[in-house]
Amino acid sequence: MHFQSNICVIGNGAVGKAAALGFAQAGLSVTLLCPPHPIVGSAGNADDWDVRVYALNHVAHQLLSSLKVWQALDGARVAPVDAMMVKGDGEQAGKLAFDAYGARTGALAWIVEDSNLNRALDAALRFAPNLRTVTGRATRLHTDQQAATVQLENDDVIEASLVVGADGAQSWVRGQCDIGLDYRSYGQRAIVTNFECDKPHQGVAYQWFAATDGIVALLPLPGQRVSLVWSAPEALAHSLVDGGAAHLAERASVLSEYRLGRLRPLQPAMVKDFPLTLLRPHAIVAPRVALVGDAAHVVHPLAGQGMNLGFADVAALMQTVAGRESYRDCGDERVLGRYARARKEDIFLMQLATDGLERLFSTDFEPLRVARNIGLNLVDKLPVIKRALISHAMGKR
Ligand SMILES: Cc1cc2nc3c(=O)[nH]c(=O)nc-3n(C[C@H](O)[C@H](O)[C@H](O)COP(=O)(O)OP(=O)(O)OC[C@H]3O[C@@H](n4cnc5c(N)ncnc54)[C@H](O)[C@@H]3O)c2cc1C
């Protein structure tokens, strides 16, 4: 079969689905290529709480609202973040606190489960005009002046003016374009699970920088529940996962200084872990190709920004394609150059901030420990800097 469309999106994670939906709703014809064996979500049955959750910022909220996806989320399972509390380490631990009131906004972010997000995206995709979903494995990508051609394993062919690579950190599309890559393993794994807590969290997202124990975040879920993201050094991570959910809850209760009382596992079987890396491709565009989401950048989850960056990529790509001159097609070199320029600063700053914070807080060197805690306290007392930081995290400029 020979499929022809304006845009071919490769990859059906949340970022790829949002891109396919956005272009289809904008009146372009879209082919969404999904892999033959999709990754199954991490929620067991519908009543379980998904251990994969995202803190989505205002850019994500805006994009998903404009696509009518936010309205399709199960709102009862979305938790607004009203405040954030970041704590340093050691006896003189610094503290940094933000709240929505101080940032002059209704919520700093929203915690959304992966399954809730994907269900809403899938529902919207079913009603999208001009959109065809193809399941298969791409084996070759060829581009020339006229079009990009994606060859599939079963000899089907997808032809498009623009290929959007939304196929995650190990991007096949990026590999086909010979785009170089800086890679750094953090030597850490992020452990995720959900807890019930004794005390109400009051919409506060907590984060503790615990030096050699890593970084522990407790994100609010609806009711008296929280989601744990613990970025721990490899050896500790393995022992925490092997120890099981009850042991993990005990360790997290102590590390969080019983701020929310005793933590108890919500679904004992649901503990997952992910390796953490920094991935910096040397370019996010190539002839007739644009990369979005983790295909374009992978950052440490300490700031909860990877998905947000991906949605910001989609918004920027949609905007540059929509704003192109009438004589240029969607994959025109100039259009892609504008997309790359539009995203450069945002991606660079987020890579710098997350990587820098991880390096700063992962060392045990005493002078640095003192300096970072003083730094936290100092920023906490400087409203202008604090507002600038929180605006950036929210995706507001
Ligand atoms: C522990 C942890 C916590 C996080 N928390 C947050 C947070 O709070 N907020 C936030 O913004 N971000 C967060 N992130 C980052 C976020 O998870 C990622 O940035 C985001 O999931 C990337 O989405 P994606 O769609 O680009 O990639 P993926 O989710 O990896 O999706 C890629 C898709 O492409 C498909 N695919 C792969 N290869 C092919 C192929 N050859 N052909 C077709 N399809 C293919 C895959 O099946 C997959 O569906 C967190 C990450 C971790 C590890």
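Novice: Tell me about the pattern of salt bridges, and name the residues and values.
Specialist: Under the counting rule described, the total for this entry stands at 13 salt bridges. Between R77 and E113 there is a salt bridge, and its shortest N-O distance comes to 2.7 Å. Residue R77 is located in the loop between helix 2 (58–66) and strand 4 (79–81), and its partner E113 is located in strand 7 (residues 109–113); the two are separated by 36 residues in the primary sequence. Of the two residues, R77 and E113, both sit in the buried class. In this structure, R288 and D329 form a salt bridge, with 3.0 Å as the shortest nitrogen-oxygen distance. Of this pair, R288 sits in the loop between strand 18 (285–286) and strand 19 (289–291) while D329 sits in the loop between helix 6 (306–322) and helix 7 (333–362), and the two are 41 residues apart along the sequence. With a relative accessible area of 8%, R288 lands in the buried category.

Novice: An account of a nonpolar patch on the surface is needed here, citing residue identities and associated values.
Specialist: A grouping of L378, L382, V384, I385 and L389 is seen on the molecular surface, where their side chains present a nonpolar patch of about 450 Å² in accessible area. Looking at the nonpolar patch, the element that brings in the most residues is helix 9 (residues 383–394), giving three residues. By the element assignment, L378 lies in helix 8 (residues 366–380).

Novice: Can you explain the site of the ligand? Please cite residues and give values.
Specialist: Neighbouring the ligand are 27 residues, the closest being A55, D294, G304, M307 and N308. G304 places a polar main-chain atom, nitrogen or oxygen, 2.9 Å from a nitrogen atom of the ligand. Between the ligand and the protein, one listed contact pairs a nitrogen atom with a backbone N or O atom of G306 at 3.2 Å. Across the complex, the protein chains shield 83% of the 1000 Å² of accessible surface that the ligand would expose by itself. Contributing elements (two or more residues each) for the shell around the ligand: helix 1 (14–25), strand 3 (53–56), strand 12 (181–197) and helix 6. Residues belonging to the shell around the ligand are distributed by class as follows: 15 nonpolar, nine polar and three charged.

Rules behind the numbers
- Residues numbered from 1 in each chain as written.
- Predicted model: local features only at pLDDT ≥ 70, side-chain atom pairs only at ≥ 80, totals over all residues.
- Heavy atoms only, no water.
- Salt bridge = Lys/Arg side-chain N within 4 Å of Asp/Glu carboxyl O.
- Helix = DSSP H or I, 4+ residues; strand = E, 2+ residues; numbered from the N terminus.
- Buried < 20%, exposed > 50% of the residue type's maximum accessible area, 1.4 Å probe, protein only.
- Patch = residues over 30% accessible without salt bridge, like charges linked within 9 Å, V, L, I, M, F, W, Y side chains within 5 Å.
- Areas by Shrake-Rupley, 256 points an atom, 1.4 Å probe, with all protein chains shown as cover.
- Near = heavy atom within 4 Å.
- Polar contact = N/O pair within 3.5 Å; in protein donor to acceptor, adjacent residues only side chain to side chain.
- Nonpolar A, V, L, I, M, F, W, Y, C, P; charged D, E, K, R; others polar.

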